[in-house]
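For reference, the chains in residue letters:
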Amino acid sequence: MRVLLVDDEEELVSTLAERLAMRGIEASWVSDYRSALDIVEHQVFDIALLDVRLPEMNGLELKRLLEERCPAMKFIFLTGHGSEEDFRACSAESGRDYYLIKPVQIEVLVAKLNEIFQQ
Amino acid sequence: MSSNQDDAGTLGLNFFGSMTASISHEVKNVLAIVNENAGLLEDLALLAEKGRPLSPERLKTLAENIHRQVQRADGIIRRLNRFAHSTHEPAAATDLCEIFDFTAALVARLAAMKGVTITIVNQHPVPMKVRPFVLENLLWICLKNLFAVTQGNQTVALATEDLGDQVVITLQLGEGLPVAEIGAQTASEGQSLLAALRAELSTDPEHNLIRLQMPHMQDQ
């Protein structure tokens, strides 16, 4: 399973990538939407974990652009708060309840990734 | 309560809500980073129990990361505390540059989300008797209206000039922005704040400027 992590908090995604690697999940990370669009031109990912509130382009808009480039890619959204508005938007975009609220428990994330990957 | 005071009260609540929501997101990010660093420490400890060597340098780096995030959270909470107290502070002699610095720090995350950088041009203090919350609220409305139309990669330069009995605050926007539209929207939305500050808002689209001119001594 190859996972792309996108969040402007670099320390968050770099540490998360290291922890996922310890659990046998290959994860790359970027901190802005431009780098996300760039990396998918060169590497293939099964799942992208997107922060909902990214600078300049929100995670929901980025998901649509990534989907155009990588139709097989699946998505999980990461939100700072579980506001009703965020839940509705993430659920509508991901088709299921594929969103997590910060701070994320690694075992919950791994379980979610495995669930989506096995579909 | 007069209609203007009522409007200013509503605008103040909206401003307070926007800022505290943004600050809570910042705090959530800090907590998420601390959580991952603590989790990584735990992971490394488990691996060490299974015989994998644990580097003291690695531990030191992770401890430093947590320490840095705690400092960051402290700065955020201090800002929140100052902001909360500013809502009931009476008019007092204040350096406008300090108000600019504080407003820029307060809205930095929201500005970054829109690809906007806020800079303060003044090098020397410009004292003015004003209620900081009212002026910060007016500056926020102006910036919010800019954020609504920007396509990103913009800079806003805040400057002030002491004209004796009047003070002029200018917001120098980047090229290609609808300055007149942002100014008109701010004047309409912030009417009660302009009245409270006895300020006049004007725009200079040719030079991408929004100008606020107001008496030096405020008694609100």
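Our subject is the structure listed above.
Caption draft 1: Summary view of the interface of chain B and chain A. At the interface, 19 residues of chain B touch 17 residues of chain A. Looking at which element gives the most residues to the side of chain B that touches chain A, the answer is helix H1 (residues 3–49) of chain B, with 13 residues.

Caption draft 2: Focus on the nonpolar core. In terms of nonpolar packing, the biggest core is built from 45 residues, with B:Leu138, B:Cys142 and B:Leu197 touching the most fellow members. Counting residues per element, this core draws most heavily on helix H4 (residues 132–149) of chain B, which supplies 11 residues. Among all residues touching B:Leu138, those that are not within four sequence positions of it are B:Gly190, B:Leu193, B:Leu194 and B:Leu197. One finds A:Val13, A:Ala17, A:Leu62 and B:Ala32 within the second-largest nonpolar core, a separate group that totals 34 residues.

Caption draft 3: How the structure looks around helix H1 (residues 10–22) of chain A. Spanning 13 residues, H1(A) covers 18 Å between terminal C-alpha atoms, matching the ideal 18 Å at 1.5 Å per step. A:Gly24 sits one or two positions beyond H1(A) and adopts a positive phi of about 80°.

Caption draft 4: The packing of helix H3 (residues 96–113) of chain B against H4(B), seen in detail. Residue and element names in this part refer to chain B. Look at H3 against H4: their axes get within 10 Å of each other, and the N-to-C directions meet at 40°. By the angle class used here, H3 and H4 are oblique. Crossing of H3 against H4: the hand is right-handed. In contact with Ile99, Phe102, Thr103, Val107 and Leu110 of H3, H4 contributes Pro132, Leu135, Glu136, Leu139, Trp140, Leu143 and Phe147.

Caption draft 5: Layout of the environment of B:Phe16. All names here are of chain B. Looking at the secondary structure, you find Phe16 in helix H1. Taking the C-beta count within 10 Å as the criterion, Phe16 has 16 such neighbours and is therefore assigned partly exposed. Separated by 67 residues in sequence, Phe16 and Phe83 place their C-alpha atoms 8.4 Å apart.

Caption draft 6: The arrangement of the sheet that holds strand S4 (residues 154–162) of chain B in detail. Residue and element names in this part refer to chain B. If you trace the 5 strands from one edge of the open sheet to the other, you get S2-S4-S5-S7-S6, paired in mixed fashion. On the outer flanks of this sheet lie strand S2 (116–120) and strand S6 (200–204), each paired with one strand and no other. For this sheet, the mean angle separating the axes of adjacent strands, direction not counted, is 20°. Sheet analysis places S2 next to S4, joined by 5 bridges and oriented parallel. Across the sheet, the residue bridging to Thr117 is Thr155, located in S4.

Thresholds applied
- Residues numbered from 1 in each chain as written.
- Chains lettered and ligands numbered in written order.
- Predicted model: local features only at pLDDT ≥ 70, side-chain atom pairs only at ≥ 80, totals over all residues.
- Contact = placed C-beta atoms within 7 Å.
- Helix = DSSP H or I, 4+ residues; strand = E, 2+ residues; numbered from the N terminus.
- Core = buried A, V, L, I, M, F, W, Y, C linked by C-beta atoms within 7 Å.
- Buried ≥ 20, exposed ≤ 12 C-beta atoms within 10 Å, placed from the backbone.
- Expected span 1.5 Å × (residues − 1).
- Axes fitted to C-alpha atoms, helices over the stretch in contact; angles between N-to-C directions.
- Parallel < 35°, antiparallel > 145°, perpendicular 65-115°, else oblique.
- Left-handed = near helix turned anticlockwise from the far one by under 90°.
- Pairing = 2+ DSSP bridges.

Note that all results are geometric; they support no functional claim without further evidence.
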